[in-house]
Amino acid sequence: PSVLQGSDPRDPSSALLGLVVFLSSALYLLAYVGGGFLFLFWLARANQNARALGSKNMEFTPGWMVGWFFVPVLNLFKPYEAVDELYLASDPTSGEDDWGASDPPRFILAWWVSWLFFGIGGSLAHFLGGQTAWALVPNFAGPVAAALAIGVVLSIDRRQNEKRKRSASGPSNPSTQRFY
């Protein structure tokens, strides 16, 4: 059912409401797709950075950091594992092979769970006709997932910058380093 169902399209207030709904939906879609693209691009680049900083034996390549988000069923857990690995590989106090020795922070799991609630809740709400409590889940989980994703980015970025500063084995010419 539409927000405007039962309204008279000739009524100026209905037309204005329709325009506001359309524009806000378009802005939401632009922010969702644009933000998602930037996040995925950043994940691939951060994976390259972790490798350039000397982290060896990483399971996830830069391409699969992004690719797992698009593989049905596996996209329910592989992206979390990839971000988890990236966080650990970016540890500024670790060496080439011992980066997986610590435990990842719980906020990465919180980000992933909120992202799943956003996606699954939205799908369930759509499947059930949008008239259930599931319709509220993405409205709350989406902003939480976005805020936690920003925390993930800032945390990994901070760790990689610290690792870069501590690294004595980096390229001799800092301008050749591939950092964002």
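These notes cover the structure that comes with them.

What counts and how
- Residues numbered from 1 in each chain as written.
- Predicted model: local features only at pLDDT ≥ 70, side-chain atom pairs only at ≥ 80, totals over all residues.
- Heavy atoms only, no water.
- Salt bridge = Lys/Arg side-chain N within 4 Å of Asp/Glu carboxyl O.
- Helix = DSSP H or I, 4+ residues; strand = E, 2+ residues; numbered from the N terminus.
- Buried < 20%, exposed > 50% of the residue type's maximum accessible area, 1.4 Å probe, protein only.
- Patch = residues over 30% accessible without salt bridge, like charges linked within 9 Å, V, L, I, M, F, W, Y side chains within 5 Å.
- Areas by Shrake-Rupley, 256 points an atom, 1.4 Å probe, with all protein chains shown as cover.
- Axes fitted to C-alpha atoms, helices over the stretch in contact; angles between N-to-C directions.
- Parallel < 35°, antiparallel > 145°, perpendicular 65-115°, else oblique.
- Left-handed = near helix turned anticlockwise from the far one by under 90°.
- Contact = heavy atoms within 4.5 Å.
- Nonpolar A, V, L, I, M, F, W, Y, C, P; charged D, E, K, R; others polar.
- Phe/Tyr/Trp six-rings, centres within 6.5 Å; stacked < 30°, edge-to-face > 60°.
- Lys NZ or Arg CZ within 6 Å of the ring centre and 35° of its normal.
- Core = buried A, V, L, I, M, F, W, Y, C linked by side-chain atoms within 4.5 Å.

1. Considering the pattern of salt bridges
Two side chains that carry opposite charge are able to pair once their charged atoms sit near each other. Inspection of the entire model under this criterion finds four salt bridges. Lysine 78 serves as the salt-bridge partner of glutamate 81, at 3.4 Å between the closest nitrogen and oxygen. Of this pair, glutamate 81 and lysine 78 both sit in helix H3 (residues 78-89), three residues apart, roughly one helical turn. Overall, the relative accessible area of 16% leaves lysine 78 in the buried class. Put simply, Glu59, Lys78 and Glu81 are held in one network by salt bridges that share partners.

2. Details of a nonpolar patch on the surface
Residues Leu109, Val113, Phe117, Phe127, Leu128 and Trp134 make up a contiguous nonpolar surface patch of about 580 Å² in total accessible area. Relative to the helices and strands, phenylalanine 117 is located in helix H4 (residues 106-127). On the basis of relative accessibility, which here comes to 44%, the residue phenylalanine 117 falls in the partly exposed class.

3. Some points on the packing of helix H1 (residues 12-52) against helix H5 (residues 137-166)
Their axes nearest at 11 Å, the elements H1 and H5 cross at an angle of 20°. Here H1 lies roughly parallel to H5, going by the angle between them. Here H1 and H5 pass one another in a crossing that is left-handed. Contact residues: H1 offers Phe39, Trp42, Ala46, Asn49 and Ala50, while H5 offers Ala149, Val152, Val153, Ile156, Asp157 and Gln160. By residue class, the composition of the contact of H1 with H5 is eight nonpolar, two polar and one charged.

4. Structural notes on the packing of aromatic side chains
With the rule as written, the count across this model stands at 10 aromatic pairs. The lysine or arginine in question, lysine 78, covers the ring of tryptophan 68, its NZ or CZ lying 5.6 Å from the ring centre. The ring of tyrosine 87 has arginine 159 lying over it, and the distance from NZ or CZ to the ring centre is 3.8 Å.

5. A look at the nonpolar core
Formed by 25 residues in total, the largest nonpolar core has its most connected members in Leu43, Val83, Leu86, Trp111 and Ile156. In terms of residue count, the dominant contributor to this core is H3 (seven residues). The residues contacting tryptophan 111, other than those within four sequence positions of it, are Phe39, Phe69, Val83, Ala145, Leu148, Ala149 and Val152.

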